[in-house]
Structure formats: C-alpha cells, structure tokens
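# Per-entry structural report
What follows is each chain in one-letter form.
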Amino acid sequence: MAQLEFKFGEESFNKLFPYFILIDSSLTLKTFGRSLPKIYPELKPGTLFTDAFRVKKPQTTNNSFKEFSSFVGQLVVIESVVDGMVLRGQLESHDGQLLFVGSPWFNSMNEVAERNLTINDFSISDPLLDLLHVLKNLEISAQELKETLITINNQRNELKKANKEIHDIALFPTQNPDPLIRIDFDGNLLKRNPAADVLLEFTHNDEVYNAAAFFKHIIGEIDVEKERYIFEAQSGGKYYSFVCKSLREEKYINIYGRDITEQKETSAELERLSLVASANENGIVFTYPNGEIFWCNDAYTHLTGYDKAFIIGKTPIEIGVCAQTNKSEFSKMLTPFYSGAPFEVELVHGRKDGSYFWSRTKGQPIFDEQGNVKQYFAMIEDISLKKRYDESLEIEKSKYQSIIANMNLGLLEVDLNDVITLSNNSFSEISGYPAGDLIGKKASALLMPFESQQILQSKNEMRLEGITDSYEVKVFNKQGEKRHWLISGAPNYDLNGNLVGSIGIHLDITEQKLQEEQLYILSLIAEKNINAVVISDKDGKLEWANTSFLEMSGFAMEEIVGRKPGELLQGPDTNPDTVAYLKERIKKGLPFNCEIVNYSKSGRKYWVSIQGQALYNKRNEVVKFFAIEEDVTAKKEMEHQREFLMNSLAKSNKELEDYAAIVSHDLKSPLHSIHSLIAWIKEDNDKEFNAQTLQYLGMIENKVEKMDHLIEGILTYAKIDKVEVTLENVSTSEIINNIVNIIHIPTHVNVTIKNELPIIKGDRYRVQQLFQNIISNAVNYIDKPEGVVEVACQNLPKHYLFSIADNGPGIAKENEEKIFKIFQSLGNRDKSTGLGLSIVKKIVDLYQGEIWVESEMGKGTTFFIKLNKS
C-alpha cells in the first residue's frame, strides 16, 4: 500500500481551519484564519494575543508563552476581550511557535446570523454547517409561512376556534417521534405529545430541573414578543434543540423539539480529529475497522523503530507485542475496539531492536453517516519515564509517610478548600481524632471556634501568596476540651509547582499558656491583696506569703519560710479528711479548693477558704504551688446561726401543726355536740316550736356547719405546703369524673368535659382538692335556669392549660385578684368560708403553676390553670 503524506499550504489550511491562530514566543499574533476577522473585525497581525483574547480553560496564572505551551494536547477555550466570543480548540507546537486550531462556539443560530457568517466561513466538516442549512430552510419556511398567514388572517375571526383545533391536531400527533410542547406565558405546561411526556428532567446551563420547573425557568429566557426563539437542553441522556413559536394572541408558546445527539457527537468527533491534523510528538495511527494500519505519523516510526512501509497493513498488536507485554491487558483494548467504543490502556510496547517501552494508547472510532465505524485512530504515548518516576515516587512516598506518621509533632495537610488530606499519629494524639475521622473533613469546622476560624481564613489567604509563618489558635479536641496550639504553616505544592493546599506542624502549648497565665496571676500577687496569698515549693514548703497571710496567722515571714502550712496552722478541730484531700491533690500536682479550720500563732481559731494551683515548667513538671486563702470565719458563724434558726423554725412549724390539729379537734368536738343537741331539740319539740323558732334553730345549725367547714378549711390550708409533695401519674379525667359523682349538683346544672384530659404528675389528693373547689364554687353560684360548667385542657409544648367555665353571675374586675385571698367570699352563701379558692391558689403555687380568672358580669366566669409538664 502506498505511503500517505499530508501537506498543507496556508490556503488549504484555511479551508480546514478558518479560525486558526499562530502565536510566536512573544505572544504576538503572526497570522490567523480568514474567517476570524468577521467575528473580530479589530483583529490585526502584530497584536498581542493577551490583548485580544483571554484563556478561560485551562486556568492560567501568568499568561506566559511557557504556560501556554504546557496546554498542548488539552482542550483550550479562549474568549474575545471585546465581546466575549468563545472559541474552542487545541494548542499545538509548530516550529517554536504555538498554533491554535479551533472553531467558534455559538449557543444559538441568532449569534451566527448577527455576525453575517455564511457557509464559506466554516470548514466543510464543521457541524455548524448543518445549523446554517437549518437556518436557511427556516428563512424560506418563514417567508412561505408569512405569505400563508396573510391569507389566513383574512379569515381569522371566523376560523379562530377551528384553527386552534387544527394546531392541536398538527402539533400533537401521537406518532410524532419528536417532542412537541405547549406552555403559557407563565411557563405552565399546557400540552405535550407522548414523545415529550417521557422527558421528565432537563439539564440546561449545567442546572438540572424537573419538567414543570424547567419550563418555569426557560420562560424567563424566551422573548414572547419575538416570533421565534431557539434553545438547547439535555434530557434522558440526549441533546435536544427546541424551536419556540410565540402565539401572542393566544398567549401560549408552541415548542418543537429535535434530537441533535448524533450531531453533537459528530461535532465532538470532528473536533478530536482536527487535533490529528497538527503535528504531534506522540505516535498517531489510523486503522481500518479490522485493525490494519493505513497511516501513521513519523513519531510512531520513531517510537517503534519500524519504517512506514513495514507498519502499513499491520495491526498495532502485531507491531507492539513482545515478551514483556501482559496479554491479559489486550482485552481492555480489543473489547471496546470491536464494539466501536473509545479505549485507553497502558501496555508494554515492543521495538524493532528487541527493546520495549511503557505506552499509553488512546483509541477513538470514526463513524460514517449511518453510524458504522469506518476508521479508528489511536495515539501512542511513551510513558516509560513517568512509570519509573511513579515507582520511585511510591518508594519515596512510603518513606515520607513513615517519617510523617512517627514524627513527634502533629502534622496536617489540607487542600485549597481546607479539607484534610493527611494527618499523622501525633496529630491524632493532640486532637483526639483518629486519622479515619479526619480525612475528608474541614479542619476549621471540626476543630476550631469562630474566632480561630477567622484567623485560619486569613492564613489560608497568605498561603495562596506563598507565605509561611507561625501563629497561635484556640481549638477543641474531640472530647470538647479547649486547647491552645502553636501552628507553623506553609504552602503545599505538587510536583508541577502548583499550589494544592497547605501543610501545618502543630504543637499543643496549652500547659505553657496556662503557666503564662499563672505567672501573670503571680505578678498580681506581688501587689497588696486583701486575701492571704502564699507560694510554696513543689514539696509544699512555704517560700513567700503576703501581708494579709502574716496578719491572719500572726507569724512573721522568717517564721514560715521552709515550713509546711499544716505544721503551723492545723489544730485539734482541723478535719483530717480535708487534710488528706489537700495532701493527695498536692502530691498529684492537681488544683485544690476546700475550707479548713486554722489556728493562729496566738491560738485563735478561724476558718479559711483555700484555692490552690500547681505551676509547671516547659517539661510539664510541677515547680511551685500558690494558694489564696480567704477568712470565712464570719460566714461560717452565720451559717451556724442560720442552721440553728432553721432547726428552730422547723421545730416551731411542727409544734404549730400539732397545735392546729389539737385546736381543730378541740373546736370541732363541741361543734358536733351543739349540732347534735339542736337536732335532738328540734326532733323532740317539732310540734311545739313555732316557725320563727325553727328558723332560728336552722340558722344556728348553718352557722355551726359553716364553723366546721371553716376549721376544716383552715387545717387544710395550713397543711398544703407542709406535707411532703409526692409525684405520681394522676388522670385528671378520672379525678373530674369522680368529683362530678361525689359533689351535690342541682338538676338544672350540667357539668361536661369538652376534650381529652391529660395524665399529669402530682399528688392525687391535692389535684382533687384543686378541681373540686373550683367546680363546687361554679355549681353553687350559678344563677341561670339552665346551668353549664365546661372543663377543657390545651396541650402546650411545656404546659397543660386547664379551663373551667361557667355561665354564672360573673366576677367584677376589681375582685378578680381578691377572690384568691384567704377568708374572702364575694357571695352571701351561708356555707361559704372564703377558703376554697385560697386553697386552690396555694396548691397551684406549690406546683409552681399559674391561675387566673376571666369574667364578664352577668354572663359567666372562666378559671385558667397552667401546670408544668415536668
């Protein structure tokens, strides 16, 4: 087979790549494609590339020729600085210069039309030609439609309804494979054909929407005043182009969709093929579908050592297989090859001279119009150096990780987003977090309070500028303990010199900071202090005391130095448990806080409150103790007096309770006797007494009974907060139903429970007293022919709110607080003692609740009781 060669003059190159750009090492535009001035009229040879364009992808740092050269072999996206026009393509080295080969990227055909671009401004293989053809056809169709609409418009009024039906029939045939959609001017979906019904999600400008949300979004981009609008979106793994037809009078938009997936894929294939046309230092081969090579570049012959005459007609496997090749790796290449799919494999590749190299082979199918593979091209890259480097890097990395893991200082690496990528054993020790809990987490959020996070943010900004420094921060370890760290931070770079994050060495200086604070406290101790202050050595022997201590103890400075406080100050009443506590804490170097009896030099007994602390050196060794002693003798005497008074008060209360019980018994016994005597007198003289005498005797009975109720109420009132409060589960529904059954309720009064009542924590007897007193009051005072008492409860987040409502006479505003006071009765009931509601108030107060009343004269009263849930 004859050897193929490709040669291009500038004219022929323009036909293939009408938007190419040639840049020299000073970034000056040497020449460019013939079509480029149509979209950038100001462009002239000699212009600096960076004055005309900016590189959007890959990300740039210094815009130098060297940096641009590193982009060779990658997808490059550039943008005009004038109007933001985007070109996508490839940078390739060409005779010491850089050649950009690409094409413009349009989001709609409107952009093509606005720049007056024609078919001749594109390469024949450019997929945008298809879009231009579509545009031309649409223009012709639009003209024909315009003429048709003129005719239809004359009959519009008569045929408007029928026209809409015709539109629906034409737009939404069930057998149409293209999606057809109708929305109103607010983006609401009105109608879809079956092909559109299956499109459940749409991706547009890298955002994903469900169908309803998508058309709500896209209506914001559509100009409903314009007749046509085109947009593209993805759905169900396919690309679609949608043409929008705005029907302003009907106030809806018809949307015609077309599957352009194949066109998109073809465009991508053509873009990849354009890379092959330029020089490439890697080996390039073209093969037929059976794998036979029909073309290769010079780099491939150089890599393999074979000439083109030998290579043409062979398969890449025949050329590259050798004894060192792993045959099982072939399947990674052959399976996708024969299924018409791209592939990428790394294999040992043989040479003609018997040597071999590590290769990375990337293959790409080329399809014909029917979608069948017509050719394959592959790029073979020599990665031997990289393989050797990777192996050595793994060895070095293993050594590096071993060193890091076992170093004494805590080491942490984070990426540019503050996410932890590496930590060592020492860091786990000081933070309390095992490495598994750290990797992938944000360091600041995991360890630092807000103020430290702000410090860290400023340090991360410094790392971006390559600055190294040390700083102190407050942190929390895993146990929630506040610690103080010294961090030495530095930028972290990859092997290519790119900043990838930062690395920090961490030292826990909590104890040192504590010692600094302690030393600061000691500097204050040197000044006059109203409390006694002493400093001792690590064994507890006194080294110094302030004036207050000397005055309190009666000793001189020379008498205390070198002696332990216990030898000087402890006496017969000193608690041995307190002494043992002090010795144990001092032995372990721990803080201590206690009260102890001391004796002065003259024998005066006094109480002191002692707070002490050990001081440490940098090796975390106890070097001294200091303590502050406060004379609390007066306080202790007051506590003794208070204890004596409380005991006396408790004794008095007990005596009063006993007295109340005795008085109650002694008062109630004669009352019962009087009541019995009156009953006997009435019984024996029933026919002899006149009506007035019987009335007087009845009044005496009522007064005796009222006196009995009064004594019982006083005794109950006195005992409410004296008896121990017990808490049990009490069903308020059961309590109130029992009350209704045991109290006298006139036939014209009805007591009802409006809703479900809760089970509360309380004392059953007191809860019954509370509700019985209120319900009894309500029943007794109702003055209507039909009386109503309603009990209800609201279940609030932290409380139960009970209400007892009646339709009685009501309570005046000025009396709403008065009714809860002892011996206050607003009615003229004979048996009213004025104690019922005061007992209720005392029970509610006992349970730390609230009670209040709302009333309207003549209409009724509602008592509200709020009780805590716990």
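Everything in this summary refers to the structure shown in the same document. Source: prediction; values computed, not measured. (Residues numbered from 1 in each chain as written. Predicted model: local features only at pLDDT ≥ 70, side-chain atom pairs only at ≥ 80, totals over all residues. Heavy atoms only, no water.)

### Things to note about the overall build of the chain
What counts here: Under the scheme used here, helices are H or I runs from DSSP no shorter than 4 residues and strands are E runs no shorter than 2 residues, and both carry numbers assigned from the N terminus. Only protein chains enter the calculation, and the probe is 1.4 Å; a residue is then buried if its accessible area is under 20% of its type maximum, exposed if over 50%, and partly exposed in between. We call two residues in contact whenever any of their non-hydrogen atoms come within 4.5 Å of each other. For every accessible area listed, the method is Shrake-Rupley and the probe measures 1.4 Å; residues are considered covered only by the protein chains on display.
Assigned secondary structure in the chain consists of 29 helices and 35 strands. Counting only residues that meet the buried cut, the chain has 40% of its 870 residues in that class. Sequence-distant contacts in the chain: of pairs separated by 6 or more residues, those separated by 24 or more amount to 47%. Carbon and sulfur atoms form 52% of the exposed surface of the chain, whose accessible area is close to 49,900 Å².

### Concerning the sheet that holds strand β14 (residues 283–287)
The line we're drawing: Note on pairing: DSSP must find at least two bridges between two strands before they are called paired. Axis definition: a line fit to C-alpha positions, over the contact stretch in the case of helices; interaxial angles, taken between N-to-C directions, run 0 to 180 degrees.
The five strands lie next to each other as β15-β14-β18-β17-β16, forming an open sheet whose pairing is antiparallel. Looking at the sheet topology across the chains shown, the edges are occupied by β15 (293–296) and β16 (343–350). Each neighbouring strand pair of the sheet contributes to a mean axis angle of 25 degrees, computed without reference to strand direction. Pairing between β14 and β15: three bridges, direction antiparallel. Its bridge partner lying in β15, valine 285 is registered against cysteine 296. Each of β14, β16, β17 (356–367) and β18 (373–382) is contacted by helix α14 (residues 330–338), which is oriented at about 130 degrees to β16, the strand it contacts most.

### With respect to the sheet that holds strand β23 (residues 499–508)
An order of β20-β19-β23-β22-β21 is seen for the five strands of this open sheet, with the pairing classed as antiparallel. Each edge of the sheet is formed by a strand with only one pairing partner; in this case those strands are β20 (420–423) and β21 (469–476). Geometrically, the sheet is characterised by an average inter-axis angle of 30 degrees between neighbouring strands, direction not taken into account. Two elements, β21 and strand β22 (residues 482–493), share eight bridges in a ladder whose sense is antiparallel. By the bridge assignment, valine 475 is partnered in β22 with arginine 483. This element, helix α19 (residues 450–464), spans β21, β22 and β23 of the sheet and lies at about 150 degrees to β21.

### A word on the pairing of strand β5 (residues 86–94)
Pairing geometry for strand β4 (residues 75–80) and β5, over five bridges, is antiparallel. The partner of isoleucine 78 across the bridge, within β5, is leucine 87. Taken together, the eight bridges between β5 and strand β6 (residues 97–104) define a ladder with antiparallel strand orientation. Among the inter-strand pairings, histidine 94 is bridged to a residue of β6, identified as glutamine 97. Between β5 and β6, which pair antiparallel and follow one another directly, the connecting turn spans two residues, one of which, aspartate 95, has a positive phi of 50 degrees.

### Things to note about the environment of serine 246
Put simply, the rule reads: Polar contact is defined as a pair of N or O atoms within 3.5 Å, subject to the rule that within protein one atom must be able to donate a hydrogen and the other to accept it, and that residues adjacent in sequence are counted only when both atoms are side-chain atoms.
Among the secondary structure elements, serine 246 is positioned in strand β12 (residues 238–247). Judged by relative accessible area, serine 246 falls into the buried class, the value being 6%. Between the C-alpha atom of serine 246 and that of glutamate 227, which follows or precedes it by 19 residues, the distance is 5.2 Å. Look past the residues within four positions of serine 246 in its chain and what remains in contact with it is Phe185, Val224, Lys226, Glu227, Tyr252 and Ile253. Among the polar contacts made by the side chain of serine 246, one reaches the main-chain carbonyl oxygen of valine 224 at a distance of 2.6 Å.

### Quick look at the packing of aromatic side chains
What counts, and what does not: Aromatic pairs are defined between Phe, Tyr and Trp rings, using the six-membered ring for Trp, whenever the two ring centres lie within 6.5 Å; interplanar angles under 30 degrees are classed as stacked, those over 60 as edge-to-face, and all others as tilted. Only lysine NZ and arginine CZ atoms are considered, and such an atom sits over a ring when it is within 6 Å of the ring centre and within 35 degrees of the ring normal.
This model, assessed by the stated rule, comprises 26 aromatic pairs. Measuring from ring centre to ring centre gives 5.6 Å for phenylalanine 286 and tryptophan 295, while their planes differ by 70 degrees; the resulting arrangement is edge-to-face. When sorted by exposure, phenylalanine 286 lands in the same class as tryptophan 295, which is buried. Ring pairing ties together the aromatic residues Phe202, Tyr209, Phe214, Phe215, Tyr229, Phe231, Tyr240 and Phe242, which thus form one cluster. The positively charged end of lysine 636 is found above the aromatic ring belonging to tryptophan 607, 4.4 Å away from the centroid. Its end group placed over the ring of tyrosine 800, lysine 869 keeps NZ or CZ at 5.1 Å from the ring centre.

### Considerations on helix α27 (residues 732–742)
Here is the rule: Each direction from the helix axis to a C-beta atom contributes to the arc, which is the arc of those directions.
Among the residues of α27, Thr732, Ile735, Ile736 and Ile739 are the ones counted as buried. Seen from one end, α27 has its buried residues packed into an arc of 90 degrees, which puts them on one side. Among the structural elements, β29 (728–731), β30 (749–753), β31 (759–762), α28 (764–781), β32 (787–795) and β33 (799–806) are those in contact with the buried residues of α27.

### A few points about the pattern of salt bridges
What counts, and what does not: Any carboxyl oxygen of Asp or Glu that lies within 4 Å of a side-chain nitrogen of Lys or Arg is treated as forming a salt bridge with it.
Enumeration according to the criterion identifies 24 salt bridges in this entry. Here glutamate 381 and arginine 360 are joined by a salt bridge, their closest N and O atoms 3.1 Å apart. In this pair, glutamate 381 sits in strand β18 while arginine 360 sits in strand β17, placing the two residues 21 residues apart along the sequence. Connected via shared salt-bridge partners are Glu344, Glu346, Arg360 and Glu381.

### Here we look at the packing of α28 against helix α29 (residues 836–846)
What counts, and what does not: By the definition used in this description, the sense in which the near helix is turned from the far one sets the handedness, with an anticlockwise turn below a right angle giving left-handed and a clockwise turn giving right-handed. Polar here means any residue other than Ala, Val, Leu, Ile, Met, Phe, Trp, Tyr, Cys and Pro, which are nonpolar, and Asp, Glu, Lys and Arg, which are charged; Gly is therefore polar.
Where α28 contacts α29, the two axes come as close as 9 Å, and the packing angle between them is 145 degrees. The handedness of the crossing between α28 and α29 is left-handed. On α29, the residues that touch Arg766, Gln769, Leu770, Asn773, Ile774 and Asn777 of α28 are Gly836, Leu837, Ile839, Val840, Ile843, Val844 and Leu846. Looking at side-chain class alone, the contact of α28 with α29 contains eight nonpolar, four polar and one charged residues.

### Some remarks on the nonpolar core
Definition in use: Nonpolar core, defined: a set of buried Ala, Val, Leu, Ile, Met, Phe, Trp, Tyr and Cys residues in which side-chain atoms within 4.5 Å join the residues together.
Membership of the largest hydrophobic core comes to 37 residues, with the highest contact counts inside it found for Phe771, Ile774, Ile775 and Ile865. Secondary-structure elements contributing two or more residues to this core are α27, β30, α28, β32, β33, α29, β34 (850–856) and β35 (860–868). Top element by residues in this core is α28. It accounts for seven residues. Apart from the residues within four sequence positions on either side, isoleucine 774 is in contact with Ile804, Leu837, Val840, Ile851, Phe863 and Ile865. Core analysis: the next-biggest nonpolar cluster, separate from the first, contains 28 residues, Phe65, Phe71, Leu91 and Val112 among them.

### A few points about the packing of α27 against α28
As a reminder of what qualifies: Oblique is the label for every angle not falling under 35 degrees (roughly parallel), over 145 degrees (roughly antiparallel), or within 65 to 115 degrees (roughly perpendicular).
Interaxial distance between α27 and α28 falls to 10 Å at its minimum, and their mutual angle equals 55 degrees. Classified by the angle their axes make, α27 and α28 are oblique. Handedness of the crossing formed by α27 with α28: right-handed. Contacts between α27 and α28 involve Thr732, Glu734, Ile735, Ile736, Ile739 and Ile742 from the first element and Arg764, Val767, Gln768, Phe771, Gln772 and Ile775 from the second. Considered class by class, the residues forming the contact of α27 with α28 number seven nonpolar, three polar and two charged.

### Comments concerning the side chain of aspartate 469
Of note, aspartate 469 is situated in strand β21. Only 2.7 Å separates the side chain of aspartate 469 from the side chain of lysine 459, close enough to count as a polar contact.

### What to know about the environment of lysine 821
Note that lysine 821 resides in the loop between β33 and α29. The spatial distance from the C-alpha of lysine 821 to the C-alpha of lysine 842 is 9.8 Å, given a sequence separation of 21 residues.

### Considering the side chain of asparagine 807
Its place among the elements puts asparagine 807 in the loop between β33 and α29. For asparagine 807, the side chain forms a polar contact with the main-chain oxygen of glutamate 786, separated by 3.0 Å. Of note is the side chain of asparagine 807, whose polar atom sits 2.9 Å from the backbone nitrogen of valine 788. Setting aside residues up to four positions removed in sequence, asparagine 807 forms contacts with Ile782, Asp783, Lys784, Glu786, Gly787, Val788, Lys859 and Gly860.

### Observations concerning α19
We apply this condition: One less than the residue count of a helix, multiplied by 1.5 Å, gives the span that helix is expected to have.
Here α19 spans 22 Å end to end across 15 residues, near enough to the 21 Å set by a 1.5 Å rise per residue. Residues Ser452, Leu456, Lys459 and Arg463 constitute the buried set of α19. The buried residues of α19 occupy an angular sector of 60 degrees when the element is viewed end-on, so they sit on one face. Every exposed residue of α19 that faces more than 90 degrees away from the buried side is listed here: Phe450 and Leu464. As for α19, its buried residues are in contact with α18 (443–447), β21, β22 and β23. Two residues or fewer after α19 comes glycine 466, characterised by a positive phi angle close to 80 degrees.

### Section: unusual backbone geometry
Residue proline 58 is reached from lysine 57 by a cis peptide bond, and omega for that bond is -5 degrees. Along the chain, the position of proline 58 falls in the loop between β3 (53–57) and α4 (65–69). In this structure, asparagine 63 takes a positive phi of about 55 degrees despite not being glycine. If you trace the backbone, asparagine 63 turns up in the loop between β3 and α4. Using a relative accessible area of 35% as the deciding quantity, one classes asparagine 63 as partly exposed. Even without a glycine there, the phi angle at aspartate 206 is positive, about 70 degrees. Relative to the assigned elements, aspartate 206 resides in the loop between β9 (201–204) and β10 (207–210). On the accessibility criterion, aspartate 206 (76% relative accessible area) is exposed.

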